[in-house]
Amino acid sequence: MPPAPAEGHPDTVDVEAAVRGDRAAFQRIYQRHVGRVHGAVYRLAGYDHARAEDLTQEAFVRAWQKLDSFRGQSAFGTWLYRLAVNVALMDIRARGADPVGFMDEDSLPDHGETPFCAAEREELEHAIGRLPPRARAVLVLHDVEGWRHEDIGLELGMAVGSSKAQLHRARGLLRKALGEDS
């Protein structure tokens, strides 16, 4: 995770102003961070554009509401990102797609080769989106977002070994979905 911002960092200045009710400052925060937040929730939402848009907006609404609870113990972007991931994970749970649930491996689509071009990237995104929610969450958080298993375990309420097992399972399901030999 990045270090806490130095005094005078745009986030520091804008957060202080936004806490005092400055909506323009919060708009600058939004513009600076919306890409990363949307990217994370988009992947966690199984590449569902509409859901990702809703979750992104929900994350920023919650950030506005909780802005005064930001204590500066980490970079603001890190705090916001964690809040957004929590919003996405709560959405997974609320939809009854308990992250511990599993999808029957035989119901996964059979696709082509390992993705390298734009068309194949779309195929990869589709395959990731079809993973069971918990396996998808662990894969995205670990392989895409760069989280450690310890952090994933804490966030998802599972043991480190379970996180590693879910990642192994997710990668296997992904290989199968993409038609690769295991």
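Note that this is a predicted model, so its numbers are computed, not measured.

Draft legend 1. Main features of the pattern of salt bridges. If you walk through the whole model with that rule in mind, you get 10 salt bridges. For Asp14, the salt bridge goes to Arg32, with nearest N and O atoms at 2.6 Å. With Asp14 in helix H1 (residues 10-19) and Arg32 in helix H2 (residues 23-44), this residue pair connects regions lying 18 residues apart in the sequence. In this structure, Asp151 engages Arg148 in a salt bridge whose closest nitrogen and oxygen atoms are separated by 3.4 Å. One network of salt bridges, with partners in common, ties together Asp11, Asp14, Arg28 and Arg32.

Draft legend 2. How the structure looks around H1. Turning to H1, its buried residues are Asp11, Thr12, Asp14, Val15, Ala17 and Ala18. Those residues of H1 that are buried lie in contact with H2, helix H3 (49-66) and helix H4 (76-94). Immediately downstream of H1, the backbone of Gly21 shows phi near 100°, a positive value.

Draft legend 3. Structural view of helix H8 (residues 160-177). For H8, spanning 18 residues, the distance from its first C-alpha to its last is 25 Å, which sits close to the expected 26 Å at 1.5 Å a residue. Within the span of H8, buried status applies to Ser163, Gln166, Leu167, Ala170, Gly172, Leu173, Leu174 and Ala177. Phi for Gly179, located one or two positions after H8, is positive at around 80°.

Draft legend 4. Main features of the nonpolar core. If you look at the biggest cluster of nonpolar residues, it comprises 51 residues, and the most contacted ones within it are Phe76 and Trp79. Where this core is concerned, the elements lending two or more residues are H1, H2, H3, H4, helix H5 (118-129), helix H6 (133-144), helix H7 (149-156) and H8.

Draft legend 5. View of the packing of aromatic side chains. Per the stated rule, a full pass over the model turns up eight aromatic pairs. Each ring, one from Phe76 and one from Trp79, has its centre 5.4 Å from the other, and the planes form 35°; the classification is tilted. Residue Phe76 and its partner Trp79 are both found in helix H4; the two are separated by three residues, about one turn of the helix. For the residue pair Phe76 and Trp79, the accessibility class agrees, reading buried in each case. Clustering of aromatic rings is evident, with ring pairs tying together Phe26, Tyr30, Phe60 and Trp64. Looking at Arg36, its charged tip hangs above the ring of Tyr81, at a distance of 3.9 Å from the centre. For Arg82, the ring lying beneath its charged end belongs to Trp147, and the centroid distance is 4.2 Å.

Draft legend 6. Molecular detail of the confidence of the model for the protein. The pLDDT averaged across the protein works out to 81; a share of 81% of its residues lies at or above 70. Contacts for the low-pLDDT stretch residues 1-6, under 50 throughout, to residues beyond four places or in other chains number 14 contacts. This stretch, residues 98-116, has a pLDDT under 50; its non-local contacts, to residues over four places away or in other chains, come to 45 contacts.

Each value, and the rule that gives it
- Residues numbered from 1 in each chain as written.
- Predicted model: local features only at pLDDT ≥ 70, side-chain atom pairs only at ≥ 80, totals over all residues.
- Heavy atoms only, no water.
- Salt bridge = Lys/Arg side-chain N within 4 Å of Asp/Glu carboxyl O.
- Helix = DSSP H or I, 4+ residues; strand = E, 2+ residues; numbered from the N terminus.
- Buried < 20%, exposed > 50% of the residue type's maximum accessible area, 1.4 Å probe, protein only.
- Contact = heavy atoms within 4.5 Å.
- Expected span 1.5 Å × (residues − 1).
- Core = buried A, V, L, I, M, F, W, Y, C linked by side-chain atoms within 4.5 Å.
- Phe/Tyr/Trp six-rings, centres within 6.5 Å; stacked < 30°, edge-to-face > 60°.
- Lys NZ or Arg CZ within 6 Å of the ring centre and 35° of its normal.
- pLDDT = per-residue confidence, 0-100.

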